[in-house]
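Residues per chain are reported as follows:
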Amino acid sequence: MSKTTPLSLVVLAAGKGTRMKSGKAKVLHPVFGAPMIHHVLDATQGLFPLQTVVIVGHQREAVVEAIDGYDITPVIQEEQLGTGHAVLIAENALAADVDTVMILCGDTPLIQPDTLEEMYHNHTQSMAVLTVMTTLLDNPTNYGRILSDPQNRVTGIVEEKDADSEQKKICEINAGIYCVQRDFLFKTLKQVGTDNSQGEVYLTDIVGIAVRQGLAVEKYIAPRSGDVLGVNSRIELAQADSVLQLRRNEALMASGVTLQLPETITISTESTVGRDCLIEKCVTITGKSQLGNECLIRQGAVLKNCRLGNNVVVGAYSVLADMTLEDNTTLPPFSTSG
């Protein structure tokens, strides 16, 4: 994708996340070793946006500090007046030469780059004023439902709290990711009222307004429903962590690494593991560790920021940090770096 794409991103990260039962901002909760918002920002890199605006509110200083390593523009939402209000306050922060705005949520750490890139490609090809990402769920509870006409064209979105009994039976849900023509987005948001159960400015209302104006609205159905779901509880946090751990381990196995009971093994994305390494169960490798080829890491070992040559054996339940081990080194069980 061209780096000159006239696209800006708006990432919503101002909420408290009350269902997390936490004093910490929701987007700061760690998922597979990083705040969940990091995973969202990482997934957008292949879009080469001109600008990424992050809407912050609850614990704004901590959120801004956590994403300091990213090229972002923070914008403060002083009052939590809904998703539409959050996007609206980004207007003045966006560059003037942006044609399209992609809106994402900072609490969807499982979103994958190929999903975002395909959605954006489809949006630009369709010439639609608005594309909304949807997906299908067997249990759509707590999600906004996609309203469609007999030709399966989007006619609107209804939030769970405002849906009637028939609408709640709809299994196609709003994934909360949009591509919108900039001029239409901000002009329309200024028309959206707060006549709903929560008294908020719903971003979803722009869909119905576009349809009523006869403008082209498209949907992009995410191929993997689990990728787009938000993290709203400690249970969902653990589930997201498990998914990212499995993705990482599957990629390592595909590259020529043997993992015994991969669901028990954690290897950071910043670490590298050489071909024909064997990692036994319950191993944790973190930081920027580097393992050469044909290493054997026995059960329960913990490595942090370690550099291993080729054919190194680390004994069971060893705990090592910041160590360098030359080729053909063998460490006995329960070794430490102290």
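Look above for the structure.
Being a predicted model, the structure only gives us computed values, none of them experimental.

(A) The sheet that holds strand β17 (residues 290-291), seen in detail. Taken in spatial order, the four strands of this open sheet run β14-β17-β20-β23, and their pairing is parallel. A single partner strand is all that each edge strand has here, and the edge strands are β14 (272-273) and β23 (324-325). Across two bridges, the pairing between β17 and strand β20 (residues 307-308) is parallel. Opposite Leu291, over in β20, you have Leu308 as the bridge partner.

(B) Representation of unusual backbone geometry. In the Ramachandran plot, Asp322 falls in the positive-phi region, its phi being about 55° despite a non-glycine side chain. Structurally, Asp322 is set in the loop between β22 (319-321) and β23. We note that Asn328 has phi near 65°; this positive angle belongs to a residue other than glycine. Of note, Asn328 is situated in the loop between β23 and β24 (330-331).

(C) Structural view of helix α5 (residues 182-189). When you tally the buried positions in α5, you get six out of eight residues, the bulk of the element. Every buried residue belonging to α5 is among Arg182, Phe184, Leu185, Phe186, Thr188 and Leu189, and all of these are buried. Each element contacted by the buried residues of α5 is listed here: α3 (83-88), β6 (100-105), β10 (172-181) and α6 (205-212).

(D) Representation of the pattern of salt bridges in the model. Tallying each qualifying case throughout the model produces eleven salt bridges. In this structure, Arg247 engages Asp227 in a salt bridge whose closest nitrogen and oxygen atoms are separated by 2.9 Å. A residue pair is termed long-range when its members are at least 10 positions apart, and Arg247 in helix α7 (residues 234-254) and Asp227 in the loop between β11 (217-221) and α7 qualify at 20 residues.

(E) Inspection of the side chain of Ser268 at higher detail. Mapping Ser268 onto the fold places it in the loop between β13 (266-267) and β14. Residue classification places Ser268 among the buried positions, given a relative accessible area of 15%. A polar contact is formed between the side chain of Ser268 and the backbone oxygen of Gly287, at a distance of 2.7 Å. When near neighbours in sequence (up to four residues on either side) are disregarded, Ser268 contacts Arg248, Ile285, Thr286 and Gly287.

(F) Region of interest: the side chain of Arg248. Looking at where Arg248 falls in the secondary structure, it is placed in helix α7. One buried charged residue, Arg248, forms no salt bridge at all, with the nearest opposite charge on Glu270 at 9.3 Å. A polar atom in the side chain of Arg248 sits 2.7 Å from the backbone oxygen of Ser271. Beyond its immediate chain neighbours, meaning those up to four positions away, Arg248 contacts Phe32, Ile267, Ser268, Thr269 and Ser271.

Definitions and cut-offs
- Residues numbered from 1 in each chain as written.
- Predicted model: local features only at pLDDT ≥ 70, side-chain atom pairs only at ≥ 80, totals over all residues.
- Heavy atoms only, no water.
- Pairing = 2+ DSSP bridges.
- Helix = DSSP H or I, 4+ residues; strand = E, 2+ residues; numbered from the N terminus.
- Buried < 20%, exposed > 50% of the residue type's maximum accessible area, 1.4 Å probe, protein only.
- Contact = heavy atoms within 4.5 Å.
- Salt bridge = Lys/Arg side-chain N within 4 Å of Asp/Glu carboxyl O.
- Polar contact = N/O pair within 3.5 Å; in protein donor to acceptor, adjacent residues only side chain to side chain.
- Lys, Arg positive; Asp, Glu negative; His and termini not counted.

By themselves, these figures tell us nothing about what the structure is for.
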